[in-house]
Amino acid sequence: MIEMTEIELKEMIGSIVDCSPDQIRLEMLLEDIPNWDSLATVIFVSELENVCSFILSPSDIESLKTFDSVVKLLRTKEAEI
Amino acid sequence: MNSKLSPLKGDLAHSVENLAAFIADPVEREEFRGSFASSRPGDLMKAARRASGRAKGRGEKPLRLLFLRTFTVELLLPAIELALSAFGREVEIEMAPLGEIESAMGGRSEDPRPTVVFWRWEQVLGYDSANLSAAKIRIEDFVSRASGGEKVFVMNFEDPAWAFASDPSLKSAVGNLNAALEAAAGATPNVRIIDMAGFVTGDGGPAYDPWMDFRSMCPYGVEAFGPIALFIVSTLRAGLFAPKKVLAVDLDNTLWGGILGEGGPEALSIGHSYPGNIFRRIQEEILALKRRGVILALVTKNNLPDVEEAFSLLKDEMSLTLEDFSAVKADWEPKPENLAEIAEELNLGLESFVFLDDSAFEREMMRARLAIVHLLVPEVYDDPVSLWVSLAKCRVFETESATEEDLLRVTDYRAQQERKRLLSEANGVEEYLHDLKMRLSFEEPSEVSMARAEAMIHKTNQFNLTTRRHSRADIDRFVQEGVFILVRLDDRFASQGLIGLAIAEVLDKEVGVIDSFLLSCRALGRGVETALLAECLRRLKEVGVTEVRAEFLPTAKNSQVKEFYSAHGFKKVADDEKRTVYSLSLKEKIPQIPPWFRLTAPNAKTLTERV
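Calculation criteria
- Residues numbered from 1 in each chain as written.
- Chains lettered and ligands numbered in written order.
- Predicted model: local features only at pLDDT ≥ 70, side-chain atom pairs only at ≥ 80, totals over all residues.
- Heavy atoms only, no water.
- Helix = DSSP H or I, 4+ residues; strand = E, 2+ residues; numbered from the N terminus.
- Rg over C-alpha atoms; globule rule 2.2 N^0.38 Å.
- Buried < 20%, exposed > 50% of the residue type's maximum accessible area, 1.4 Å probe, protein only.
- Areas by Shrake-Rupley, 256 points an atom, 1.4 Å probe, with all protein chains shown as cover.
- Lys, Arg positive; Asp, Glu negative; His and termini not counted.
- Charge placed at Lys NZ, Arg CZ, Asp CG, Glu CD.
- Contact = heavy atoms within 4.5 Å.
- Buried area = accessible area lost by both parts, 1.4 Å probe.
- Salt bridge = Lys/Arg side-chain N within 4 Å of Asp/Glu carboxyl O.
- Polar contact = N/O pair within 3.5 Å; in protein donor to acceptor, adjacent residues only side chain to side chain.
- Nonpolar A, V, L, I, M, F, W, Y, C, P; charged D, E, K, R; others polar.
- Pairing = 2+ DSSP bridges.
- Axes fitted to C-alpha atoms, helices over the stretch in contact; angles between N-to-C directions.
- Right-handed = clockwise from strand over helix to strand, strands pointing away.
- Core = buried A, V, L, I, M, F, W, Y, C linked by side-chain atoms within 4.5 Å.

S.K.: Just checking my understanding: could you explain the overall build of chain A for this structure?
M.R.: Of regular secondary structure, chain A possesses four helices and zero strands. Its helices and strands taken in sequence order, chain A reads α-α-α-α from the N to the C terminus. Here the C-alpha radius of gyration of chain A, 12 Å, is about what a compact globule of 81 residues would show, namely 12 Å. Seen through its C-alpha atoms, chain A measures out along the principal axes to roughly 30 × 25 × 20 Å.

Given below as structure tokens:
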């Protein structure tokens, strides 16, 4: 499993929705990120799974509300493996 | 499996090359190649945005497509747009509402444009093979709605390998659906299949991703987005854009194993046993391309008499003969120079050329000197099997179907050499033109000739006064309501088939307008253009037109016809950067068909007869 830093996560999101990683703050709702939509969610989850080599459950995906929640989920997954 | 070749990696590389071949700018071509190196959608999206920005800057007419779908295609869009960027035009894709494929197909005539249909067997068949009969009827009905107008590209159905292993009848039912789709499409000229079934079982490998399917209603995993997009767009390319026309090949270690100049013909490997069978296979592949209308050129560093002797001695082992090549350069000149000369002899642009050579040195020299020529590059260095794969996997010559005209073109380029000989022997150009014993005919539109007319309208760039890319529906309207002339040319050496057309309309009783006027470059220099113009003016005069207006719309490629109307007595009445407008009074002397032509068929019906 590859561990991702917050900066790498922001860069991943930024490349999907075409925004600067600097625009993404920890407490920010994902839906408030510029250009974020349901397709961005699907691609983000899929990229995250491919890079980190895990599968997110429906409840994991449901929990992804803010950028902070993404980081927390990632750290939980890293601890599980 | 051969560890030297990674099928997925290799196939992706070939797919990228098949589209990169159409990018003229070497820097952009390299960037295009690099864009698909990453399978991450974010990277593809970024590259697609960059390519789109570049295309917008060019200001060319956008490529407009309509997508009909029964699943979420949006996820594939960046990769598809990126793949389409190879054609250098801005892309505008409209998505019909999800699932509404029948009604959207029915309504597409309101805004005609090429259409792509994405659907899945599950949604046509349900999960029960007992529905097969109804599903086949739905497919046939759907394809009949697609008939006529712009091209429609329809995905076939992938093998249901993932699901329902307990019901083998589903596999056979999906096979039946594909057979029904193929039969219906085969009977519908504007419908073409995107062979997804072949892609996922062959080149593409497994693309299905159940997680993605449940989460987003898109059956493909993100890693498959790039390869699938490249595959789909390669199919669109064959239906929408001109293919490459010429394959220039090396000889030693390309068409046979070994070096002719070192060991003579006896030392060469060619035939049915290893390793000669690899080279024979390469020759068979090349011969098949020639049968489909690709022009062959031989470019080798050898003495011509030695080459002729080897072809003669080895004829029983070889598939190709020297006569299969429209041009042969066997000398010690640099190959880029020889290729440039061949392009001039054949009167074709170097962007139409593909170069196959086992030597990395020769390929690199070609890349450095003539970057516009497309190179076939084997995956493995110094390996003839890889050389064959690079040829077999290349789809750059792919066209909808080889027409009679494509095949005539191949023989005509050979006849061109004979014409040159005649010219050198004649006393002046006019005597030469008489000696050619040229026969012209102005043809009635038929299903076959209209297909050729459509191809000329969409592909002719150089001798084209207005470069208007009319849709088939527009062309049909001109045939019904205007003057529409197709010209056929034969001479003592070869038939050249349909080589030009003119379209004109009558604005009011006395004013005619030439909408389109174009000619194949093969026919230039013989006065056919004057003959075609004379016939067009004659027909307009016949219906009472007294003044004809015509335009020259400049493009990057048609500067050679800038003075065409002036040279034929038209007067310039308006002129700016975008167009020059001309006028000619038919009450005065008008151009006539040059005396060296013999008209061999009755002229087409006149406008008054049709009305």
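S.K.: How do you make sense of the overall build of chain B when you look at a structure like this?
M.R.: Broken down by element type, chain B carries 24 helices and 18 strands. For chain B, the C-alpha radius of gyration of 26 Å lies close to 25 Å, the compact-globule estimate for 611 residues. With respect to the three principal axes, the spread of C-alpha positions in chain B is 80 × 70 × 45 Å. A buried classification covers 54% of the 611 residues belonging to chain B. For chain B, the computed accessible surface area is about 26400 Å², with 52% contributed by carbon and sulfur atoms. Distance from the positive charge centre (75 side chains) to the negative charge centre (93 side chains) of chain B: 4 Å.

S.K.: When you look at the environment of B:Leu584 in this model, what are you seeing that I'm missing?
M.R.: Residues and elements named next belong to chain B. Position of Leu584 relative to the elements: it lies in strand 17 (residues 580-585). Of the residues examined, Leu584 reaches a relative accessible area of 4% and is grouped as buried. Spatially, the C-alpha atoms of Leu584 and Leu537 are 9.6 Å apart, while their sequence positions differ by 47 residues. In this structure Leu584 touches Leu537, Thr546, Glu547, Val548, His568, Gly569, Phe570, Ile590 and Pro591, once residues within four positions along its chain are discounted.

S.K.: Please clarify how the interface of chain A and chain B should be interpreted in this entry.
M.R.: When the parts of a complex come together, some accessible area is lost, and that lost area is often used as the size of the interface. At the interface, 16 residues of chain A touch 15 residues of chain B. Across the chain A to chain B interface the summed buried area is about 1300 Å²; carbon plus sulfur atoms make up 64%. On the surface where chain A and chain B come into contact, there are three salt bridges. Between B:Arg215 and A:Glu49 there is a salt bridge whose closest N-O contact spans 2.6 Å. At the boundary of chain A and chain B, one finds six residue pairs in polar contact (both at pLDDT 80 or more). Taken together, the elements giving at least two residues each to the side of chain A that touches chain B come down to helix 1 (6-17) and helix 2 (38-52) of chain A. Per element, the largest residue contribution to the side of chain A that touches chain B is eight residues, and it comes from helix 2 of chain A. Of the residues belonging to the side of chain A that touches chain B, the class tally is ten nonpolar, three polar and three charged.

S.K.: Please explain the sheet that holds strand 15 (residues 547-552) of chain B as it appears in this structure.
M.R.: Residues and elements named next belong to chain B. Taken in spatial order, the eight strands make up an open sheet running 16-17-15-14-13-12-11-18, and their pairing is mixed. Across the chains shown, the open sheet's two edge strands, defined by having one partner strand only, are strand 16 (571-575) and strand 18 (597-599). With direction set aside, neighbouring strand axes in the sheet form an average angle of 30°. Summarising the sheet, strand 16 and strand 17 pair through four bridges and their orientation is antiparallel.

S.K.: Mind showing me how you'd approach the pairing of strand 2 (residues 91-95) of chain B here?
M.R.: Consecutive side chains along a regular strand alternate between the two faces of the sheet. Residues and elements named next belong to chain B. Bridge analysis of strand 1 (residues 63-69) against strand 2 gives five bridges, and the strand direction is parallel. Within strand 2, the position partnered with Phe67 by the bridge is Met95. In this fold, the crossover linking strand 1 to strand 2 by way of helix 4 (residues 77-84) has right-handed handedness.

S.K.: Help me understand unusual backbone geometry, please; the structure alone is not making it clear to me.
M.R.: Working note: non-glycine residues mostly have negative phi, and peptide bonds are mostly trans. All names here are of chain B. A cis geometry characterises the amide bond from Tyr274 onward to Pro275, with omega recorded as 0°. Counting through the fold element by element, Pro275 comes out in the loop between helix 12 (260-263) and helix 13 (276-291). You will see that Thr467, though not glycine, has its phi angle at about 50°, which is positive. Looking at Thr467, the relative accessible area reads 18%, which means it is buried.

S.K.: Help me understand the nonpolar core in this model?
M.R.: The tendency in soluble globular proteins is for nonpolar side chains to be buried side by side. All names here are of chain B. Trp119, Tyr220 and Leu247 are the most contacted members of the largest nonpolar core, which totals 141 residues. Looking at this core element by element, the count peaks at ten residues for helix 11 (residues 222-240). By size, the runner-up hydrophobic cluster in this structure holds 42 residues, among which are Ala426, Val483, Leu537 and Ala550.

S.K.: Looking at this structure, how should I read the pattern of salt bridges?
M.R.: Opposite charge on two side chains allows them to pair when their charged atoms are near. Residue and element names in this part refer to chain B. Scanning all chains against the criterion turns up 51 salt bridges over all chains. When the shortest N-O distance is used, the salt bridge between Arg138 and Glu102 registers 2.8 Å. With Arg138 in helix 7 (residues 132-146) and Glu102 in helix 5 (residues 101-106), this pair connects stretches of sequence that are 36 residues apart. Given a relative accessible area of 16%, Glu102 falls into the buried group. One salt bridge in this structure joins Glu551 and Arg579, with 2.4 Å as the shortest N-O distance. Here Arg579 lies in the loop between strand 16 and strand 17 and Glu551 lies in strand 15, a separation of 28 residues in the sequence.

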